[in-house]
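Okay, here's what each chain looks like letter by letter:
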Amino acid sequence: MSLKKWSVVLGVLLVASMVLTACPAPQPQVVEKVVTQVVEKEVKVVETQVVETVKEVEKVVEVVATAVPVAEEKVLRINLGSYPDIIDPQKSSFVNEIAHLQMIYEGLTSLDKDLNTVPGAAEKWEYSADLTELTFTMREDSKYSDGSLLNAARFEYSLQRNVNPETAGEYAAITDEILGAPEWRGCEGDACEAAAAVVDESIQALHADGAACVDPVYEDAACNTLKVKLSKPAPYFHTVLGLWVTFPAKEENITEGGEQWWNSSKYHTGNGPYVLASLEPFVRARFTPNEFYFDGVGKVDIEYSYITDSAVAFEAYKNDEFDIVPLAAEDLAVVQADPVLSQEANIYPGSCTYALMFHQLKEPFTDQKVREAFAYAIDRETWVRDVLSGLGSPALTWIPPGFPGFDAEEKRFAYDPEAAKKSIAESSYGSIEALPPIKVTFSDSPRNRTRYEWLAAKWKDVLGVEVTLDPVEPTTYTSLTKDIETAPLAYILGWCADYPDPQNWLSVYWKTGAFGQRIGYSNPELDKMLDAADTEADPATRAQMYADAQRFLTDGAPVAFFWNNVNSYLIKPWVTGVQKTPQDAGWPGDITPITVDIQK
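Residues numbered from 1 in each chain as written. Predicted model: local features only at pLDDT ≥ 70, side-chain atom pairs only at ≥ 80, totals over all residues. Heavy atoms only, no water.

## Let's talk about the overall build of the protein chain
Reasoning step 1: When its secondary structure is counted, the protein chain shows 20 helices and 19 strands.
Reasoning step 2: Carbon together with sulfur atoms contributes 52% to the accessible area of the protein chain, which is approximately 23900 Å² in total. (Helix = DSSP H or I, 4+ residues; strand = E, 2+ residues; numbered from the N terminus. Areas by Shrake-Rupley, 256 points an atom, 1.4 Å probe, with all protein chains shown as cover.)

## Some thoughts on the nonpolar core
Reasoning step 1: Phe-237 and Tyr-304 are the most contacted members of the largest nonpolar core, which has 107 residues in total.
Reasoning step 2: Of the residues forming this core, the biggest block, six residues, is contributed by helix H5 (residues 152–163).
Reasoning step 3: Those residues in contact with Phe-237, other than ones at most four positions away along the chain, are Tyr-127, Leu-134, Ile-174, Thr-175, Glu-177, Ile-178, Val-228 and Leu-230.
Reasoning step 4: Ile-378, Val-387, Ile-424 and Leu-435 belong to the second largest nonpolar core, which has 44 residues in total. (Core = buried A, V, L, I, M, F, W, Y, C linked by side-chain atoms within 4.5 Å. Buried < 20%, exposed > 50% of the residue type's maximum accessible area, 1.4 Å probe, protein only. Contact = heavy atoms within 4.5 Å.)

## Things to note about the sheet that holds strand E7 (residues 225–229)
Reasoning step 1: If you trace the four strands from one edge of the open sheet to the other, you get E4-E5-E7-E6, paired in antiparallel fashion. Edge positions in the sheet fall to strand E4 (122–127) and strand E6 (203–206), since each of these pairs with one other strand and no more. Geometrically, the sheet is characterised by an average inter-axis angle of 20° between neighbouring strands, direction not taken into account.
Reasoning step 2: For E4 and strand E5 (residues 133–138), the ladder comprises five bridges, and the chain directions are antiparallel. From the neighbouring strand, Trp-125 faces E5, where its bridge partner is Phe-136.
Reasoning step 3: Against the sheet, H5 touches E5, E6 and E7, its axis set at about 170° to E6.
Reasoning step 4: Running over the sheet, helix H7 (residues 191–202) touches E6 and E7 and is turned about 40° from E6. (Pairing = 2+ DSSP bridges. Axes fitted to C-alpha atoms, helices over the stretch in contact; angles between N-to-C directions.)

## Some points on helix H14 (residues 380–387)
Helical geometry: 3.6 residues make up each α-helical turn, so side chains three or four residues apart lie on a common side.
Reasoning step 1: Taken residue by residue, H14 has Arg-380, Thr-382, Trp-383, Val-384 and Val-387 as its buried positions.
Reasoning step 2: Of the residues one or two after H14, Ser-389 is the one with positive phi, at around 55°.

## Description of the packing of helix H13 (residues 368–376) against helix H15 (residues 417–426)
Reasoning step 1: Contact pair H13 / H15: the axes reach a minimum separation of 8 Å and the direction vectors enclose 165°. Considering the angle they form, H13 stands roughly antiparallel to H15. At the point where H13 passes H15, the crossing takes the left-handed sense. The residues of H15 that touch H13, namely those facing Lys-369, Val-370, Glu-372, Ala-373 and Tyr-376, are Pro-417, Ala-419, Ala-420, Ser-423, Ile-424 and Glu-426. (Parallel < 35°, antiparallel > 145°, perpendicular 65-115°, else oblique. Left-handed = near helix turned anticlockwise from the far one by under 90°.)

## Here's the deal with the pattern of salt bridges
Reasoning step 1: One pass over the structure, following the stated rule, counts 38 salt bridges.
Reasoning step 2: For Arg-286, the salt bridge is made with Glu-73, and the minimal N-O distance between the two is 3.6 Å. Residue Arg-286 is found in strand E9 (residues 284–289), and its partner Glu-73 is found in the loop between helix H3 (54–67) and strand E1 (75–79); the two are separated by 213 residues along the sequence.
Reasoning step 3: Arg-77 serves as the salt-bridge partner of Asp-323, at 2.9 Å between the closest nitrogen and oxygen. Taken as a pair, Asp-323 in the loop between helix H10 (310–318) and strand E11 (324–326) and Arg-77 in strand E1 lie far apart in primary sequence, 246 residues in all.
Reasoning step 4: In this structure Arg-77 comes out as buried when scored by relative accessible area, which is 16%. (Salt bridge = Lys/Arg side-chain N within 4 Å of Asp/Glu carboxyl O.)

## Examining the state of the cysteines
In a disulfide, the sulfur atoms of two cysteines are covalently bonded to one another.
Reasoning step 1: Enumeration over the complete set of coordinates arrives at three disulfides.
Reasoning step 2: The residue that forms a disulfide with Cys-352 is Cys-496, at a sulfur-sulfur distance of 1.9 Å. With the S-S bond torsion at 105°, the cross-link from Cys-352 to Cys-496 turns out right-handed. Of this pair, Cys-352 sits in strand E12 (residues 345–358) while Cys-496 sits in strand E16 (residues 490–496), placing them 144 residues apart in sequence. With respect to burial, Cys-352 and Cys-496 carry one shared label: buried.
Reasoning step 3: For the protein chain, the bonded cysteines pair up as 1-2, 3-4, 5-6 when numbered in the order they occur along the sequence. (Disulfide = S-S within 2.5 Å.)

## Description of the pairing of strand E14 (residues 438–443)
Reasoning step 1: In terms of residue burial, E14 counts as a mostly covered element, since five of its six residues are buried.
Reasoning step 2: Pairing geometry for E14 and strand E15 (residues 467–472), over six bridges, is parallel. Opposite Thr-441, over in E15, you have Asp-470 as the bridge partner.
Reasoning step 3: Chirality of the crossover, the property in question, places the unit of E14, helix H16 (residues 446–463) and E15 among those that are right-handed.
Reasoning step 4: Pairing of E14 with E16 involves two bridges; the strand directions are parallel. Following the sheet pairing, Thr-441 is matched in E16 by Tyr-491. (Right-handed = clockwise from strand over helix to strand, strands pointing away.)

## Quick look at the packing of aromatic side chains
Reasoning step 1: A complete count under the given rule lists 30 aromatic pairs for this structure.
Reasoning step 2: Ring geometry for Phe-374 against Trp-459: centres 5.4 Å apart, planes inclined by 70°, an arrangement best described as edge-to-face. Separated by 85 residues along the polypeptide, Phe-374 in helix H13 and Trp-459 in helix H16 bring together distant segments of the chain.
Reasoning step 3: For Trp-459, a relative accessible area of 2% corresponds to the buried category.
Reasoning step 4: Their ring planes at 65° and their centres at 5.4 Å tell us that Trp-383 and Trp-454 sit as a pair that is edge-to-face. Note that Trp-383 is positioned in helix H14 and Trp-454 in helix H16, a separation of 71 residues in sequence.
Reasoning step 5: What makes Trp-383 buried here is its relative accessible area of 0%. (Phe/Tyr/Trp six-rings, centres within 6.5 Å; stacked < 30°, edge-to-face > 60°.)

## Considering the environment of Leu-435
Reasoning step 1: Topologically, Leu-435 is positioned in the loop between H15 and E14.
Reasoning step 2: Sequence separation between Leu-435 and Val-370 is 65 residues, and the spatial gap between their C-alpha atoms is 9.1 Å.

## Re the side chain of Lys-232
Reasoning step 1: Tracing the backbone through its elements, the reader meets Lys-232 in the loop between E7 and helix H8 (237–240).
Reasoning step 2: Judged by its relative accessible area of 18%, Lys-232 is buried.
Reasoning step 3: Leaving out residues up to four positions away in the same chain, Lys-232 has contacts with Leu-131, Thr-132, Glu-177, Lys-511, Asp-531, Asp-534 and Thr-535.

## Let's talk about helix H18 (residues 502–510)
Reasoning step 1: Judged by how many residues are buried, H18 sits mostly within the fold: nine of nine residues are covered.
Reasoning step 2: Along H18, the positions that sit buried rather than exposed are Pro-502, Gln-503, Asn-504, Trp-505, Leu-506, Ser-507, Val-508, Tyr-509 and Trp-510.
Reasoning step 3: On its buried face, H18 sits against E12, E16, helix H19 (524–535), helix H20 (539–555) and strand E17 (559–571).
Reasoning step 4: Two to three positions downstream of the cap, the backbone nitrogen of Gln-503 sits 2.8 Å from a side-chain oxygen, assigning the N-cap of H18 to Asp-501. (Polar contact = N/O pair within 3.5 Å; in protein donor to acceptor, adjacent residues only side chain to side chain.)

## Examining the packing of H19 against H20
Reasoning step 1: Direction vectors running N to C along H19 and H20 enclose 165°, while the axes themselves pass 9 Å from each other. In terms of orientation, H19 and H20 fall into the roughly antiparallel class. H19 and H20 meet at a crossing whose hand is left-handed. Between H19, through Glu-525, Leu-526, Met-529, Leu-530, Ala-532, Ala-533 and Asp-534, and H20, the contact on the second element is made entirely by Arg-542, Met-545, Tyr-546, Asp-548, Ala-549, Phe-552 and Leu-553.
Reasoning step 2: Residues belonging to the contact of H19 with H20 are distributed by class as follows: 10 nonpolar, no polar and four charged. (Nonpolar A, V, L, I, M, F, W, Y, C, P; charged D, E, K, R; others polar.)

Written out as C-alpha cells, the structure reads:
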C-alpha cells in the first residue's frame, strides 16, 4: 500500500510524516460543549425578543425540549496524522489518501479480515482458460450512497480514466496488464488515438448476453457485466481490480467539480461502507454509514482529524478527545508504565518496509559504491531499539517478514562501519571530502527533527560526513517525493502492501515507469525477470523467480533497506468490533469498518 500503495510512507507518527503528510490542525470540539453553546445562544435570543415575538419564543423552547433527550451520537474520533495531498481514486497513492477513499468507495473485489480476496461491488468473476480475459458480474440492484444506480459502465469509466495519460495517475501502472494500457499511458502524438482505441476494446461494459450497454449508459440497469482483456496471463489481476484505482467516482461529479473536485464532500458519491458527509481540509472529515452498502450498515459515525504532532495527539487522547491515535515510539515507555494506557495499547505486525531512498540521477548517489557506503553506515538495530523504542524490526530486504517472498537469508549491507569506509574509498570520489554536499529531506515536526538529528550524528560518527538536514512542510514533502524532478537527493519513504503477493512488492514498485522511477531507478534486466515471474502459472516456479528478482534488485543497492513497521495504536476500551490486519494503514480495523462500534 502502500506508499499505500503505494499505490504512493520513526514510529507510527514518523510513518505518518513519510507516507501521510499534512498540516497541524486544531483539536476537535467536544460534541456536548457545542450543543450547550447553541442552547445558551438561543436562550439569549429568547430573553431579548420575548416581548416582541411570542412565536419565536415558542420555537426556541421547542428546540431546547427536543434536543435534551436525544441519545448521544456514536462518533469514532481518529487522529489520522495528516491531511491528504489528494483524494482522487485514479490519482492517489499514499496511505492517508487511501484511508479516505476506501471508506467512500469499493472496487470490484475486496479484502476480508483475513486478507482473502472476496467479492466487492461484483458478486463474482471468472477467468478465461488462458488467463487473459476476466469477466465480472455486478451485484443485482447495486446502488451508490445516494440511491442512484451503480452499473458496470461506472467501472468501465474508472478503469479507462486510470489508464488515460491525461489523468496522470500516481498508480496508473498497476493496471498495465490490461491490453493496450501501457501503450496508451506512454503514447505521444498521433499514436495516442490508436492506443486509446485498443484500451476501449479491452475494457467493456456489457449486458449479460454480451450486448452493448445503451445510452445513457449510467442509467442502463441491465449493464451488469464488465469484460477486461489482458495482454498476458495474470492470475492475480482480480485482486488488483479491488484497489482504489478502480473505485467508481461519478464522471459527472468529477467534471462538475473540476481540478479540485476531490476536496469537497459534495462530489464524493461512492459505493463504499461510508459516506463523506463533510470535509474541512486540514481540519477534519466526517463519515456517516452508507445505508445502501451491500455488506451491512456501519454502527458509528467516524471522524478523522489531522494533527501531525504526535505529542499533541497523545495529550488529546489522554483527555478523551480521541478514541484512536497512533502510538508513537516516544510515548511507549509512558504507556507501558501506566496501568490504564498499557491496556489500551495495540501493537501487532504491519505490512510496510521503510528505506533510505537515493536519487539515482543526482550526485553522489549516481555511484553505487556511495549508495553502498550509506547503507553500511545505517545502524538499524540501534535505530529500532533507541529511536523506535522497539516498534519495528531491522530490514535488509524489500519484502517484509510474514509476506510471501520474504528472504530470511539476505544479510548484505548490514551495519558495518569498515565496509562503509571501504566503499567510499572504492567509489569514483575516493574520499568523503570529495563528495558533493549531501542533504536529507524530511517531513517537519518536532519529533522528526530529533530523529533525523540522531541519524545525521551517526553518519558523522561512521563516515565523517556532514549531512545537511532539510525539514519541509508535511504536505509539501509528500508532493516532492511523487515526481522524479522534485524528489529530494535522499529521504526516507515506505511501501505498504496492497495485497499479499510478491508481484505487488516487486513488479508494482520496481519495474521501469513505476514508483522506483521517482528516484531514477530503471533496470531492463530486472524488468525482464519480473515480466516472466508475473506470467508464470506454476506457484513454486513463480515464487523462485520473484526470489531471484529480489536478490538482483538488492545487488545494485538502489536504496538502503531500513526497517519494517509494526502497527501500534492506542484504542479506548469502549471501542469494540475492531478487526485488525497487517494492512491496517490508516487506523486499526479500516479494512472492515462496519464492524466497529462504541459501547460506553
